[in-house]
Amino acid sequence: MTKLTISGSPHVHSTMSTNKIMWNVVLAMLPALLVSIYFFGWNVLLLTCASVAACLLFECLIQKYLLKGDMSTVYDGSAVITGMLLAFNVPSNLPIWILLIGALVAIGVGKMTFGGLGKNPFNPALVGRVFLFLSFPTNMAMSAWPNPQPMFASKMVDTVSGPTSLSIIKRGGDLPALSEMFLGSMGGSLGEISAIAILLGGVYMLCRKIITWHIPVAFLGSAFIFAGILHLINPADYVNPVYHLFAGGMMLGAVFMATDMVTSPITHKGQIIFGCGCGLLTIIFRCFGPMPEGVSFAILIMNGVTPLINKYVKTNKFGYKK
Amino acid sequence: MRTFNRGGVHPEENKLARNNSIEVFPLTKKAVVFVSQHLGAPATCVVQKGDKVKVGTLLSKAEAFICANVHSPYSGTVTKVDVATDFNGFKKPAVYIDVEGDEWEENIDTTPDIVREITLDAKQIVERIKDRGIVGLGGAAFPTNVKYMLPEGKKAEYLIINGVECEPYLTSDNRIMLENTEEIFIGIEIMKKALNMNNALIGIEINKPEAIKAMTLMSAKYPGTKVVPLQMKYPQGAEKQLINALTGREVPSGKLPIEVGCVVDNVGTALAIYEAVQKNRPLVYNILTFTGKSVKPENQKNLLVRVGTPLQEIIDYCGGLPEDTGKLISGGPMMGKAIMDTSAPTVKTTSSVLVMNQKEASRQKASPCIRCGKCVDACPMGLEPVLLSTLCSQQKWEEAEKECVMDCIECGCCLFTCPANRPLLDMIRVGKFQVGAIRRARTQK
């Protein structure tokens with residue numbers, strides 16, 4: 001007689017898996033990577049590959065020799081996302097050895113210390129990024145970031161350094177046109193320059209039901225409203241809020257980093273609170289803090305608040321309506 | 001188009017046997033009929049070895065309030081009253097019958113004529129439903145007459161008829177809506193009369209356009225009964241979700257549908273009520289879908305099977321099990337139970353035998369939770385399955401109770417949707433069992 005399997009219901013499963021989610025996120029990041037290569041040159045690809053390879057290697061070694069755990073999580077794509085996001089958050093002229101240290105901190109401290117996939121309270125790529133930012137301020141936070149040089153420009157010139165649009169907002173100067181910021185022709189970290197490429201990835205993830213609209217919309221919306229209020233009160237000191245949305249890491253943060261499932265709340269209500277917190281904190285740091293950028297710190301702080309949000313922000317349960 | 005207000009998933013529908021007409025399954029030679037086939041207090045066996053029975057002879061009698069009679073589905077001789085193994089491997093008392101011919105009790109109308117005039121009054125209808133052993137055929141097997149004895153001070157506003165059939169693969173309700181359309185409507189008229197009301201809503205998902213068309217056409221002849229097409233979404237056929245989809249009301253936690261003025265019954269139950277009240281037939285057969293991806297198209301069947309037929313005979317009739325069979329399920333793939341023993345007999349509510357191949361049979365390996373919250377989005381009861389399953393695995397029963405573990409309807413949406421294949425529902429079931437025991441101990445104190 002045929003051997004019959006016995007198990008509890010349900011007996012069918014959706015086609016979604018952790019691996020699929022992760023690789024789809026990687027796919028969604030490709031447009032931003034391509035735009036970055038276009039504007040900053042092949043060094044971008046080199047940095048990204050180095051970062052991804054380092055993240056994979058560190059996760060593999062830690063899993064094998066320190067945690068002595070299941071090796072299958074190494075190939076689930078989550079370390080690839082961390083590697084790509086870390087590279088997206090550094091300037092294109094960063095020496096590779098610094099980036100490798102960032103990868104070690106991201107995977108080693110940010111992720112594996114807590115037990116690996118699903119257990120880290122903070123976004124690993126941001127942990128790595130902030131570590132580099134504080135340890136190598138001259139390389140990471142200088143005002144002279146490489147300027148974009150389109151690959152197929154008729155006249156090839158040496159890469160010129162200049163301030164990012166955020167430092168312009170902070171310290172004054174001529175801002176690039178909004179259309180240039182939207183397409184990506186502005187100074188900044190690897191992956192953050194092109195709003196349209198990032199939004200394309202975001203729409204892809206929305207369509208594949210990997211993320212929901214709640215976090216990005218709450219993040220960008222609250223930042224826009226708060227920056228708008230400041231602008232209305234004092235237009236001389238505070239720029240048009242639209243610049244805030246396209247400058248710096250706002251788009252990258254709202255679409256790819258704040259939406260990290262592991263470190264954001266599980267309920268939609270919680271996600272909206274989380275997104276609003278990120279948006280508000282970002283604008284506070286940008287407008288009143290000593291540094292031009294605040295997205296990374298805003299997201300990390302809200303990551304820390306997430307368990308609290310999960311504890312107190314509950315779903316509406318069926319049959320409990322008053 | 002209407003649907004319920006939160007959660008839900010979209011499993012592949014796979015209604016492979018949807019176009020296959022109902023076939024009458026040949027009588028078995030040796031039948032095994034369980035003494036109790038419902039939810040509630042056990043019934044008492046009233047036959048013994050050597051007794052001659054006809055189709056419709058009472059085998060076991062309901063003595064408690066929530067209990068249901070069982071009648072003999074066959075004519076022949078009782079060879080013994082002993083335990084038998086059910087689909088899930090549990091041993092239960094059963095009546096063994098050696099089948100001889102097919103002789104029915106004289107007071108049963110066995111003609112195929114449709115009887116339209118309802119002569120019984122409300123009280124007699126409820127009596128008849130109880131006497132004929134009708135139970136809810138949506139799956140729970142709750143004694144139907146109990147639903148029609150409304151508690152003091154409660155009034156039914158809506159009679160809701162469940163033609164949703166949201167489980168993938170199942171096609172038996174679809175078939176009876178097409179082949180027994182008018183009988184179902186007369187059944188609904190009987191139910192309305194028993195409840196002294198005139199409004200009935202029939203919910204059917206739009207993946208059954210033929211059934212919607214046939215039922216809507218028939219509804220013109222029966223004023224007060226309306227067919228409502230519903231969006232496709234699992235678990236729309238669950239009682240609370242269907243009430244919500246059709247009326248917008250939410251049955252309060254731990255309460256029955258009558259709390260919001262609703263009485264819900266399945267189309268199969270409506271048909272059984274018609275046969276019981278108009279033709280005095282007891283519930284001795286039901287429609288069973290035999291299906292599965294590996295089952296050949298000619299072997300996909302909707303069968304009219306007498307209760308107590310050994311499953312193996314049904315399998316043999318449908319060309320045997322395909323070679324790559326890995327799992328058999330009684331019911332749909334979302335809530336059905338895996339079958340352990342193919343020699344076990346069918347019961348009143350056996351609505352399908354689903355054959356899963358070896359590839360579909362086992363679950364994928366579970367990986368770490370990535371806190372994506374998809375289970376929270378999918379839960380039609382608005383619970384947090386990831387939290388409940390964690391609490392249950394840590395044996396924090398009181399906290400699980402506070403997080404409403406008992407509201408779980410075990411629809412399986414959480415486990416279906418979990419990208420990490422975590423055994424969420426399995427842990428929650430353990431929690432429900434434990435919290436249930438704690439609650440019973442509390443009330444006894």
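Only a predicted model underlies this, so the values are computations on that prediction, with no experimental measurement involved. (Residues numbered from 1 in each chain as written. Chains lettered and ligands numbered in written order. Predicted model: local features only at pLDDT ≥ 70, side-chain atom pairs only at ≥ 80, totals over all residues. Heavy atoms only, no water.)

A. Quick peek at the overall build of chain A. In terms of regular secondary structure, chain A is built from 14 helices and two strands. Sequence separation of at least 24 residues holds for 73% of the intrachain contacts in chain A that already meet a minimum separation of 6. Roughly 13,700 Å² of accessible area belongs to chain A as shown, and the carbon and sulfur atoms make up 70% of that amount. (Helix = DSSP H or I, 4+ residues; strand = E, 2+ residues; numbered from the N terminus. Contact = heavy atoms within 4.5 Å. Areas by Shrake-Rupley, 256 points an atom, 1.4 Å probe, with all protein chains shown as cover.)

B. Here's a closer look at the domain arrangement of chain B. All names here are of chain B. For chain B, the assigned domains are domain 1 (23-99), domain 2 (122-279), domain 3 (286-361) and domain 4 (374-444). The distance between the C-alpha centroids of domain 1 and domain 3 comes to 21 Å. Residue-level contacts link 23 residues of domain 1 with 26 residues of domain 3. Across the interface of domain 1 and domain 3, roughly 2,100 Å² is buried in total on both sides, 58% from carbon and sulfur atoms. (Domains from an automatic or database assignment. Buried area = accessible area lost by both parts, 1.4 Å probe.)

C. Main features of the pairing of strand 10 (residues 200-205) of chain B. Residues and elements named next belong to chain B. The element strand 10 is extensively covered by neighbouring structure, given that six of its six residues are classed as buried. A two-sided burial pattern is seen for strand 10, the buried positions comprising Ala-200, Ile-202 and Ile-204 on one face and Leu-201, Gly-203 and Glu-205 on the other. Examined bridge by bridge, strand 10 and strand 11 (residues 225-230) share six bridges and lie parallel to one another. Bridged to Ala-200 within strand 11 is Thr-225. In this fold, the crossover linking strand 10 to strand 11 by way of helix 5 (residues 209-219) has right-handed handedness. (Buried < 20%, exposed > 50% of the residue type's maximum accessible area, 1.4 Å probe, protein only. Pairing = 2+ DSSP bridges. Right-handed = clockwise from strand over helix to strand, strands pointing away.)

D. Highlighting the interface of chain B and chain A. Contacts between chain B and chain A engage 60 residues on the former and 42 residues on the latter. Summing both sides of the interface, chain B and chain A together bury roughly 4,200 Å²; the carbon and sulfur share of this comes to 54%. Looking only at chain B, the three residues that lose the most surface to chain A are Ile-370, Arg-371 and Phe-416 of chain B, adding up to 17% of its buried area. Connecting chain B to chain A are three salt bridges. Glu-384 of chain B is paired through a salt bridge with Lys-314 of chain A; the nearest N and O atoms lie 3.4 Å apart. Seen at the junction of chain B and chain A, the total is 28 residue pairs in polar contact (both at pLDDT 80 or more). Counting residues per element, the ones that place at least two in the side of chain B that touches chain A are helix 6 (239-247), strand 15 (325-330), strand 16 (337-338), helix 9 (358-361), helix 10 (374-378), helix 11 (385-393), helix 13 (413-417) and helix 14 (424-444) of chain B. It is strand 15 of chain B that provides the largest number of residues to the side of chain B that touches chain A, a total of five residues. (Salt bridge = Lys/Arg side-chain N within 4 Å of Asp/Glu carboxyl O. Polar contact = N/O pair within 3.5 Å; in protein donor to acceptor, adjacent residues only side chain to side chain.)

E. Structural context of the domain arrangement of chain A. Residues and elements named next belong to chain A. Domain assignment breaks chain A into domain 1 (18-139) and domain 2 (161-312). Computed over C-alpha atoms, the centres of domain 1 and domain 2 are 20 Å apart. The junction of domain 1 with domain 2 conceals about 2,800 Å² of combined surface from both sides, 74% of it contributed by carbon and sulfur atoms. Scanning the region where domain 1 abuts domain 2 turns up zero salt bridges. Between the two partners, domain 1 and domain 2, sit nine residue pairs in polar contact (both at pLDDT 80 or more). Looking at the side of domain 1 that touches domain 2, the elements that each hand over two or more residues are helix 1 (18-40), helix 2 (43-67), helix 3 (78-88) and helix 5 (124-135). Per element, the largest residue contribution to the side of domain 1 that touches domain 2 is 12 residues, and it comes from helix 1. Here the side of domain 1 that touches domain 2 is built from residues that sort into 25 nonpolar, eight polar and two charged. (Nonpolar A, V, L, I, M, F, W, Y, C, P; charged D, E, K, R; others polar.)

F. Region of the structure containing the sheet that holds strand 2 (residues 30-34) of chain B. Residue and element names in this part refer to chain B. Spatial ordering of the open sheet is given by 2-8-7-4, a layout of four strands whose pairing is antiparallel. Of all the strands in the sheet, just strand 2 and strand 4 (52-53) have a single pairing partner and so form its edges. In the sheet, strand 7 (residues 76-85) pairs with strand 8 (residues 91-99) via nine bridges, with the strands oriented antiparallel. Its bridge partner being in strand 8, Ala-84 is matched across the sheet by Lys-92.

G. A look at the side chain of Glu-250 of chain B. Within the fold, Glu-250 of chain B resides in the loop between helix 6 and strand 12 (262-266). Side-chain polar atoms of Glu-250 of chain B contact the side chain of Arg-6 of chain B, separated by 3.3 Å. Excluding residues that lie within four positions of it along the chain, Glu-250 of chain B makes contacts with Lys-317, Phe-318, Gly-319, Tyr-320 and Lys-321 of chain A together with Asn-5, Arg-6, Asn-244 and Val-260 of chain B.

H. Representation of a nonpolar patch on the surface within the structure. The grouping of Leu-57, Leu-61, Tyr-65, Leu-66 and Leu-67 of chain A at the surface amounts to a nonpolar patch, some 520 Å² of accessible area in total. With relative accessibility at 53%, the residue Tyr-65 of chain A sits in the exposed group. (Patch = residues over 30% accessible without salt bridge, like charges linked within 9 Å, V, L, I, M, F, W, Y side chains within 5 Å.)

I. Broad picture of the pattern of salt bridges. Residues and elements named next belong to chain B. Tallied over the entire structure, the rule returns 31 salt bridges over all chains. Two residues, Asp-102 and Arg-306, come together in a salt bridge whose shortest N-O distance is 3.0 Å. You can see Asp-102 sitting in the loop between strand 8 and helix 1 (122-131) and its partner Arg-306 sitting in strand 14 (residues 301-306), a full 204 residues away along the chain. With a closest N to O distance of 3.0 Å, Lys-432 and Glu-410 form a salt bridge. Here the residue Lys-432 occupies a position in helix 14, and Glu-410 occupies one in the loop between helix 12 (397-402) and helix 13, the gap between them amounting to 22 residues. For Lys-432, a relative accessible area of 17% corresponds to the buried category. The exposure class assigned to Glu-410 is partly exposed, which follows from its relative accessible area of 23%.

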